[in-house]
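Structural characterization, general
Residue strings, one per chain:
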Amino acid sequence: MNPYGPVAIYLAVALAAALLFTVLPGLLGRAKPNAQKLEAYECGVEPTSAVAGRFPVRFYLVAMLFVIFDVEAASFFPWAVEMHALRFFGLAEMVAFVIVLAIGYAYVWKRGGLEWK
Amino acid sequence: MIDSLYGAADWSAITPLVIVAVTALVVLLMDLLLGKRVGRYGAIILGSLGLILAGVVAAGGYGLHQTLFGGAFVLDGFTVLFEEVVIIGALGSLVLFGAIGREDRVAGATALLLWSATGAMLLAGAGTLLTIFLGIELLSLALYCLCGLAPRATAREAALKYLLLSSTASGFLLYGMALLFGATGSVTLSAFAAPMLAASPLFWAGIAFFFVGIAFKLSLVPFHTWAPDVFQGAPLPVTAFMSVVTKAGVLAVLARVAYSALPPQAASALLLPLWVVAGISMVVGNVGMLAQTDLKRLIGYSGVAQVGYILVALAGTTAFGLRAAIYYLFAYTLMNLGAFAVAAVLSGDGEEGTQLAGYRGLGHRRPLLAAAMTFFLLALAGLPPTAGFLGKILILSAGVASGYLWLDALLIIGTAISLYGYAKVIGAMYARDEHRSPTTPRPVVPLAWASIALCALALLLLTFHPFASSVLP
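Residues numbered from 1 in each chain as written. Chains lettered and ligands numbered in written order. Predicted model: local features only at pLDDT ≥ 70, side-chain atom pairs only at ≥ 80, totals over all residues.

Quick notes on the overall build of chain A
For chain A, the count of helices and strands is five helices and zero strands. When the backbone C-alpha atoms are referred to their principal axes, chain A occupies close to 65 × 60 × 20 Å. Classification of the 117 residues of chain A by burial places 0% in the buried group. (Helix = DSSP H or I, 4+ residues; strand = E, 2+ residues; numbered from the N terminus. Buried ≥ 20, exposed ≤ 12 C-beta atoms within 10 Å, placed from the backbone.)

Digging into the overall build of chain B
Each helix and strand in chain B was counted, giving 18 helices and two strands. Taking 23 Å as the expected radius of gyration for a compact globule of 473 residues, we find that chain B reaches 21 Å, a close match to that expectation. Within chain B, buried positions represent 57% of all 473 residues. (Rg over C-alpha atoms; globule rule 2.2 N^0.38 Å.)

Regarding the confidence of the model for chain B
Averaged over all residues, the pLDDT of chain B is 88; the fraction at 70 or higher stands at 94%. Quick note on the complex model: pTM equals 0.88, ipTM equals 0.74. (pLDDT = per-residue confidence, 0-100.)

Some details on the environment of F97 of chain B
Residues and elements named next belong to chain B. Mapping F97 onto the fold places it in the loop between helix 4 (77-94) and helix 5 (106-125). Given 28 C-beta atoms within 10 Å, F97 falls into the buried group. Expressed as a C-alpha distance, the spacing of F97 and Y41, which sit 56 residues apart in the sequence, is 8.7 Å. Those residues within four positions of F97 in sequence are excluded, and the remaining contacts are R40, I44, V106, A109, T110 and P237. (Contact = placed C-beta atoms within 7 Å.)

Brief notes about unusual backbone geometry
Residue and element names in this part refer to chain B. The omega torsion of the bond from V221 to P222 falls at 5°, within 30 degrees of zero and hence cis. Structurally, P222 can be placed in the loop between helix 8 (201-217) and helix 9 (226-233). For F69, which is not a glycine, the phi torsion comes out positive at approximately 50°. By secondary structure assignment, the location of F69 is in the loop between strand 1 (66-68) and strand 2 (73-75). A positive phi angle, near 45°, is found at T317, a position not held by glycine. Position of T317 relative to the elements: it lies in the loop between helix 12 (295-314) and helix 13 (319-345).

Overview of the environment of L322 of chain B
Residues and elements named next belong to chain B. With respect to the secondary-structure elements, L322 resides in helix 13. Classification of L322 by C-beta neighbours within 10 Å gives buried; the count is 23. Residues L322 and Y162 lie 160 residues apart in sequence; the distance between their C-alpha atoms is 30 Å.

Looking at helix 7 (residues 153-184) of chain B
Residue and element names in this part refer to chain B. Given a rise of 1.5 Å per residue, 32 residues ought to cover 46 Å, and the 46 Å separating the end C-alpha atoms of helix 7 matches this to within 8%. All buried positions along helix 7 are accounted for by A155, A158, A159, Y162, S166, A169, L173, G176, M177, L179, L180 and T184. Check the buried side of helix 7 and you find it contacts helix 6 (129-147), helix 8 and helix 9. Phi turns positive one or two residues past the end of helix 7, at G185, with a value near 70°. (Expected span 1.5 Å × (residues − 1).)

Overview of the packing of helix 5 (residues 83-110) of chain A against helix 2 (residues 15-34) of chain B
Between helix 5 of chain A and helix 2 of chain B, the shortest axis-to-axis distance is 10 Å and the interhelical angle comes to 35°. Seen from above, helix 5 of chain A lies across helix 2 of chain B with left-handed handedness. Here V100, I103, A106, Y107 and K110 of chain A of helix 5 of chain A come into contact with helix 2 of chain B, specifically with L25, L28, L29 and L32 of chain B. Looking at the contact of helix 5 of chain A with helix 2 of chain B residue by residue, the class counts come to eight nonpolar, no polar and one charged. (Axes fitted to C-alpha atoms, helices over the stretch in contact; angles between N-to-C directions. Left-handed = near helix turned anticlockwise from the far one by under 90°. Nonpolar A, V, L, I, M, F, W, Y, C, P; charged D, E, K, R; others polar.)

A look at helix 10 (residues 236-260) of chain B
Residue and element names in this part refer to chain B. Between its terminal C-alpha atoms helix 10 stretches 36 Å, which fits the 36 Å expected from 25 residues at 1.5 Å a residue. The largest bend in helix 10 amounts to roughly 30° and is located at M242. Counting buried positions along helix 10 gives 23 out of 25 residues, so the element sits mostly inside the fold. (Bend = angle between axes of the 7 residues up to and from the residue.)

A few points about the environment of Q306 of chain B
Looking at the element boundaries, Q306 of chain B is found in helix 12. C-alpha of Q306 of chain B to C-alpha of A458 of chain B: the two residues are 152 residues apart in sequence and 19 Å apart in space.

The following block contains the structure:
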């Protein structure tokens, strides 16, 4: 079989399933709306305010810093697993990486990126 | 085993890149530890020294021909020349921070600029799809931040616009790369020259998507609409950097692919859309330039056309064409940097001197500055006695030699249109006008003046000394 055959099958199955799930309920189901059914679902609690509220831009900064350091920490794992095979080369690479990471961390800290004012 | 995978040759090939990247780290650390005592000039001087050192080290690689890191990086005359263009471009834009921008932000901006330049230098020698993508992302990520550095709404708009559109283009590029990998089973550019690929539809589709991404990054028509807006919004030094370094880095990739990574019998057909796009760019870019009232927008549109000129030289994929292209790229770099340096001298504390209305009567108020600006604009228009003239002659003859006469014709038409745009600015500078000079004379801006002088001198010297040999990728 063509090496792309499985991809094509996967695409076809995904498309068929999606079509099935969206088209069938409309054809077979009966629509009997009432006030409760049409309400926005929010953990069983009445929605109290508009969803798109305002919140401090600081959340973005913290979230962004978290993601950056999180992803960088995640790249330790492959190295740790293959540490012995990579030997000195791997260690040197990781030390360089950690130094760059530490400078970035120090910069964020010193510039007040971690403070909640 | 892995210890000995990469040897001394590998590491010495990327030494210039390492120098630039480490300099950026040092600038950042210095800013962190010494704080205000470093100041504006501390960061700029340190950054410039790092760039100059990298330039000297990189020049040592000229004449070598090595494939390093398992094909990921190629070191040859081509790589070295593009690295030097990037270094000159970064240097020329870095010094403009001496006149513009908040003092406490200069160190951070310097670091970002240097990292961006590292990405462009990586592109100069990129030999695999992975290195190309790494270089483009390193180049762009730093630029997104740099674009938004100025405290005004247009800067934020520029940063967001550039982020969104450039990411889309990166998506196209990546998709193209995935298809290319699917078609060839390899990420190495040299594997793409295999003749049997000419019959693979996957390969054709991959190259198409790849070129769309590249054309966007080069701001070729019809992927150019972001350029004037982003150029206008970004801080002046960043605009100078983008107009030169981004284009040089991506042109290096394009030239390497066009010259050495396409199956020979299909190459001219695969590349034809690119030349058509270049032809349209030369006309549209120059027409768009005519109505501009801001120097940065004007350079944005003129840059669209100038890249088109460079592509004309590459069109035949001849050795002579590549020499002409690199020569013109050097000249283009110097004229742009010179024009931006003049604007930097004219900038006030809060605002940048890029409004063309402010240039009215400049010839009477600041004759030397106006003369320099006239020189750079004449070079951009391609008139003697500047290197722009010789560069265009070289490009035209490369076009004739490779048989792309229609591209030559479009180049001449585009140049004719552009003459009006540049002459309008020059005319305004020497107009005998009522003296309603809004600009107050600024204190001396030594770095920008030095940049103007060096650019003008280099442009004159280039005219009498066309260089570049043995540059095939």
